[in-house]
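Structural description and commentary
What follows is the residue order along each chain.
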Amino acid sequence: MPLLQIGLPGKKKPEPKKELIVGIDLGTTNSLIAFMDGETPKIIASKSEETIVPSVISIDEDFNVIIGHKAKEKLLLDPEHTVYSVKRLMGKSYQDVENDTHLISYKLADEQTGLVRVKIGENYYTPIELSAMILRDLKARAEKYFGQKISKSVITVPAYFNDSQRQATKDAGKIAGLEVLRIVNEPTAAALSYGLDSKNHETIAVYDFGGGTFDISILKVEDGVFEVLATNGDTYLGGDDFDQKLMGLFSKEIQTEKGFNAESTPEKLQKLRNAAENAKKLLSSQNEVSIKIEFPEENYTYEREITKDFYEELIASTVERTMEICRKAIKDSGLKVCDIDNIVLVGGSTRTPLVRKKVEEFFGRKPFSDLDPDEVVALGAAVQADILSGHRKDILLLDVTPLSLGIETFGGVMNVLIPRNTTIPTRAGETFTTYVENQTGIDINVYQGERELVKDNRQLASFKLSGIVPQPAGMPKINVIFTLDADGILRVTAKDKNTEVEASIKVKPTYGLKDEEVEGMLASSLENAEKDMADRMLIEARTESDAIIKSTEKAIETHGHLISEEQKETILNTLIELKETQKQTNHKTIVNLTERLNEESTPLAQNILNSVAEAALENKNITEV
């Protein structure tokens, strides 16, 4: 079974193409950026060879923005100013998420209308703005890697993202300075990255269980044509729910045993979340873990053991929810489980042994999981970017819309024009008429969802067709056309056949941002780009200098006798100078002094290593070495 070879980032940098298009996996827990190096997709790593960027944003009181691993360190130290799992908020209103606000350590603005906003200090940020910060960080990583500007991208989203969430993702890209050429469903991208296009005929299921979302897609692959037959999912179901099961257990037991609410402050809540996340990861590879959470302000330490069996019992209902969604997708595809030739696992939550066991039981075969489930989506996005650039012409991607699209008709009924799982891009139309005598205008209300009544579905847009000639009810003929592009973004046109009067709208979701808001944010990001970069470099320089100051001081204290007094004095003088320089805002000076201190302390480091080696060899004969 030959597969598309997936390369890992190497030190040799490829020749960049004239128009480089990157692929981005904007994830709930982690985000990645990739590109095509010839015929091979590769993840772009940081200077320290880290491929994954944790999707965590920390904004301090001076408005300094920190992204990724360093931001993750702030979760315990500064939970109220540090945001995680922002993808779960994309395209949502406060009402959509208010039942879960007690489970997050940062604050959400209690606004009854519009897009949910995150409160950090005295400022409010939309999930779109916060996602743009992550995208901007990934963009900077790619630009540093290639030494050139990056302006075009393909971004992946959960297959079950609705129109609001897809538009929110495109807006985030725009704010970050990226033209989003295509929004690709994550399971479809994963199939591309696994290289399954090398087979002539195959039907595959992509089971994508990430940190905050779950998708299942059924694809038919034939001679390089990827046709999505059906998709289903839940944009509020993921590994975070495993964490919450454990957090609920810890909190309940602490309340019973000690009588205080362990979710009462952001600091306490974050301790529960950290312990839960660590336990979840460890239980993917071992049979038992020890939990220890210290609450010094309560003079109490919570301790308990959790076995793998107990944990699996705790999360069983959550895993079963994914199986039920799989059943729906199989039914929608018109296939039987036995028709599936291969199952591809995607997303960090698929590392959970119970998940793999249930997937194998459901499909009756072992799933394909040879590649890192955290990386496959970004790699597939890079393949899709290569297709859009015109370089690769042997793959055709036929995706589907996850939810039905329609308009409101008399009585609040949902009249579907484009059913779910319709291959996109697509166009559909239907003729409607008036219900009231001499009606001169008609309101077109656009909805997305699977319920029969519009009140149970999500409204996407509303516009008015005016200028209808007054006629008896039932006489006017209004032709409504839905055009859905390859990104899953909708345009609606209504036309009076008698008068040729026409009105149209590119659907801007209820919980998205207005064009002027996006343009304002983009303008702000461009205006402040130089300052933002300078601030970032200063933060990085100070962080790196802090680390070497601490390690050098400790080395001097414990092993200062291993160097001469003159060498020691030189190091101590540089330490004093570096500490003073840290208070300044010139990052280059800090970097230069940090490098100088590193060079001056190198002999001490070598002597420490020699001393340790000598101590280890002392009193041993040659046969013991």
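In this report, we go over the structure that sits alongside the text. (Residues numbered from 1 in each chain as written. Predicted model: local features only at pLDDT ≥ 70, side-chain atom pairs only at ≥ 80, totals over all residues. Heavy atoms only, no water.)

Notes on the overall build of the protein chain
- Scanning the protein chain from N- to C-terminus turns up 15 helices and 28 strands.
- Within the span of the protein chain, comprising 625 residues, buried residues form 52% of the whole.
- Total accessible area computed for the protein chain in this model is approximately 29,000 Å², and 48% of it derives from carbon and sulfur atoms. (Helix = DSSP H or I, 4+ residues; strand = E, 2+ residues; numbered from the N terminus. Buried < 20%, exposed > 50% of the residue type's maximum accessible area, 1.4 Å probe, protein only. Areas by Shrake-Rupley, 256 points an atom, 1.4 Å probe, with all protein chains shown as cover.)

Focus: the pairing of strand β2 (residues 30–37)
- Burial analysis of β2 places seven of its eight residues in the buried class, the great majority of the element.
- Remark: three residues form the turn of the hairpin made by strand β1 (residues 21–26) and β2, two consecutive strands paired antiparallel.
- Note that β2 and strand β4 (residues 53–54) share two bridges and pair antiparallel. Across the sheet, S31 pairs through a bridge with V53, a residue of β4. (Pairing = 2+ DSSP bridges.)

Regarding helix α9 (residues 308–333)
- The end-to-end C-alpha separation of α9 is 35 Å, in line with the 38 Å expected for 26 residues at 1.5 Å each.
- The largest bend in α9 comes to about 50°, at A316.
- Buried within α9 we find Y311, E312, I315, T318, V319, T322, M323, I325, C326, A329, I330 and S333.
- G334 occupies a position one or two residues after α9 and carries a positive phi of about 80°. (Expected span 1.5 Å × (residues − 1). Bend = angle between axes of the 7 residues up to and from the residue.)

What to know about the side chain of E375
- Position of E375 relative to the elements: it lies in the loop between α10 (353–363) and α11 (376–388).
- Within the buried set, E375 has no salt-bridge partner at all; the shortest N-O distance to an opposite charge, 7.9 Å, is to R351.
- Only 3.3 Å separates the side chain of E375 from the side chain of T51, close enough to count as a polar contact. (Lys, Arg positive; Asp, Glu negative; His and termini not counted. Salt bridge = Lys/Arg side-chain N within 4 Å of Asp/Glu carboxyl O. Polar contact = N/O pair within 3.5 Å; in protein donor to acceptor, adjacent residues only side chain to side chain.)

Observations concerning the packing of helix α6 (residues 186–193) against α11
- Between α6 and α11, the least distance of the axes is 7 Å, while the angle of their chain directions is 80°. The angle between α6 and α11 falls in the class roughly perpendicular. Here E186, A189, A190, L192 and S193 of α6 come into contact with α11, specifically with V376, V377, L379, G380, A381, V383 and Q384.
- Counted by class, the contact of α6 with α11 contains eight nonpolar, three polar and one charged residues. (Axes fitted to C-alpha atoms, helices over the stretch in contact; angles between N-to-C directions. Parallel < 35°, antiparallel > 145°, perpendicular 65-115°, else oblique. Contact = heavy atoms within 4.5 Å. Nonpolar A, V, L, I, M, F, W, Y, C, P; charged D, E, K, R; others polar.)

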